[in-house]
Every structure is written in structure tokens, then in C-alpha cells.
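Coordinates in review
Listed here are the chains, written in short residue letters.
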Amino acid sequence: MFETTVRDGVCQVRREDARWLSTAWDGGYRVADSVYNVTVPEGFERTDLDAYRAERLSAAGFPVGPALLTGVHMAHARCARSGPVSVLATAGLSNPAALPMSREDGADGADGTTSNPADSPDWRPGTVNLVVGVDRALGDGALATLLATVVEAKAATLLDAAGVPGTTSDAAIVGCVPSAEPAHFAGSATEIGAAARVCVRDAIRASLAARYDGNALPTVEGAEYGVVTDRETEVFEP
């Protein structure tokens, strides 16, 4: 079973000899006993992220491992579990990223796209971060499929809750246990995929409820930082 511990603004998700796939700045496939979700302070401007991670984990008394960063306080972290799947979520929406289905719903910028909020010196990511652990052995393809399933569930949950599929800085880590019972697939029709979908949904909803405490969720129009991706493409037959 994957275990969670919160200390000094850091949430550790631990499972001995687990194998992970991360979308973080140094992401990819890794073997590690622990991964982390780390709250960064307001006005965070560090770019030496490896060093910053090492400092924060050391200060909290944790060994170094893969990590995600977020502006959301760990007091708003929430977990959900179903069958072999456990999910940790922190959810903030200060920088929503909308993808309109028509130009009438898009931005008014000259190139059809709003400016990047990360260009602002005052930008602080809201971020929806997910750490997903599965008590099964998954191959590279199945672990990647699990990541896709998790991101799809995140987008569906946020579309229902806030009308956007994500923020400009969402990230996820998904993990499995190589020594456990093998599972060859992790799509939405599988036991693992179905459990992951509902866990992601419920953990994000609970984190949003904790973060916004019954207040209306930010919209793209009302958020301090947000983007609407609205540009022309050339559509063609292969």
C-alpha cells in the first residue's frame, strides 16, 4: 500500500521499490521508494529546481526523490483510494487554461492567444498536481496509459467543476510496484483505469472544496492569471 506523510509543506508518497513515471521538470521513468508534492512559497522565483527540491526534502527530513511543485498549501491536499489505486491531489485554479471549441469563445489577441502568465514576475502557479500509486506491476506502456487515463479524468473533473480542462502548470506522477501482481493494461475499461478515474475525480473535488471553502471557483475571465488557446490550424487529410 502507498503511504502518505505531510511535513513542512511537503507530502511524501512512499512505497518501497516502486517505479514511477513523472511529468515534472526532470520527469520520465524512475525507481524510487518515495515521491513528493511540495508547496512553494508566494513569490517563488527559483530556477535551480534540483537544488531547491534537495533543500526542501532535507529540511523536512525526507530522502531525495522525484517531486512536483505547487502553490497550493498541503493543508488542501486530499487522497482517494479504490481497490489497488491510491491518488493524492492538490488543486488550485489561479491560472486556468481554456481550450475553446469556437473562435467566438476565444481570446482577442493579435495572434489569437493570450499572453503566457509565466511571463509575469508576479506569477504564482495554482496547479493541479496528482500522485497516483497502483499496487500492481505495470510495464512501460501500461504505466504511460495510466498517465493518460489520469490526465483524462483530471480534465473531465475540472471541466465539470470550473469549465476548463486544466491549468497552465498541471503535473502528475504515476507509480506501480514491479514485485506485485502484473497488470497489462490501464485504460478506462480496466480495473486499474476505472479505479484511477474515480479516485482522481474525488480527490480533486475534495481538494478544490478545501482550497476554496465553498467559494466560487476562478474562471478564465476572473482569474488573475489564465490563458485561452485560440489560434488557427491547417487541417488536412493524411
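Going by the structure above, here's the rest.
This text gives an overview of the structure that appears in the document. (Residues numbered from 1 in each chain as written. Predicted model: local features only at pLDDT ≥ 70, side-chain atom pairs only at ≥ 80, totals over all residues. Heavy atoms only, no water.)

Applying the stated rule across the entire model yields three aromatic pairs. The ring of Y212 carries the charged tip of R211 above its face, separated from the ring centre by 4.8 Å. (Phe/Tyr/Trp six-rings, centres within 6.5 Å; stacked < 30°, edge-to-face > 60°. Lys NZ or Arg CZ within 6 Å of the ring centre and 35° of its normal.)

With that settled, consider unusual backbone geometry. In this model, D8 sits at a positive phi of 55°, which is unusual for a non-glycine residue. Along the chain, D8 falls in the loop between β1 (3–7) and β2 (10–22). Using a relative accessible area of 54% as the deciding quantity, one classes D8 as exposed. One non-glycine residue, D17, adopts positive backbone phi at about 60°. Here D17 lies in strand β2. (Helix = DSSP H or I, 4+ residues; strand = E, 2+ residues; numbered from the N terminus. Buried < 20%, exposed > 50% of the residue type's maximum accessible area, 1.4 Å probe, protein only.)

A few words now on the sheet that holds strand β11 (residues 227–228). Strand order in the open sheet made by the three strands is β9-β7-β11, with mixed pairing throughout. Strand pairing shows two members of the sheet lacking a second neighbour, β9 (166–167) and β11, which therefore form its edges. As judged from the two bridges shared by strand β7 (residues 96–98) and β9, these two strands associate in the antiparallel manner. Opposite P96, over in β9, you have T167 as the bridge partner. (Pairing = 2+ DSSP bridges.)

All right, on to the side chain of T70 then. Relative to the assigned elements, T70 resides in strand β4 (residues 67–70). There is a polar contact of 3.0 Å between the side chain of T70 and the backbone nitrogen of V72. (Polar contact = N/O pair within 3.5 Å; in protein donor to acceptor, adjacent residues only side chain to side chain.)

Here helix α2 (residues 140–162) is 23 residues long and its end C-alpha atoms lie 33 Å apart, about the 33 Å a rise of 1.5 Å per residue gives. Buried within α2 we find A142, L143, L146, L147, T149, V150, A153, K154, A155, T157, L158 and A162. On its buried face, α2 sits against β2, β3 (28–39), β8 (128–134), β9, β10 (171–176) and α3 (191–212). After α2 finishes, the residue G163 shows a positive phi value of roughly 80°. (Expected span 1.5 Å × (residues − 1). Contact = heavy atoms within 4.5 Å.)

Here the focus is the packing of α2 against α3. Taken N-terminus to C-terminus, the directions of α2 and α3 make an angle of 40°; their axes are 9 Å apart at the nearest point. The pairing of α2 with α3 is recorded here as oblique in orientation. For the crossing formed where α2 meets α3, the hand is right-handed. Contacts between α2 and α3 pair L146, T149, V150, E152, A153, K154, T157, L158, D160 and A161 from the former with I192, G193, A196, R197, V200, R201, I204, R205 and L208 from the latter. (Axes fitted to C-alpha atoms, helices over the stretch in contact; angles between N-to-C directions. Parallel < 35°, antiparallel > 145°, perpendicular 65-115°, else oblique. Left-handed = near helix turned anticlockwise from the far one by under 90°.)

This part covers the side chain of N129. Turning to its location among the elements, N129 is positioned in strand β8. Judged by its relative accessible area of 1%, N129 is buried. Ignoring anything within four residues of it in the chain, the contact list for N129 reads N37, L68, L69, T70, L88, A89, T90, S169, D170 and A171.

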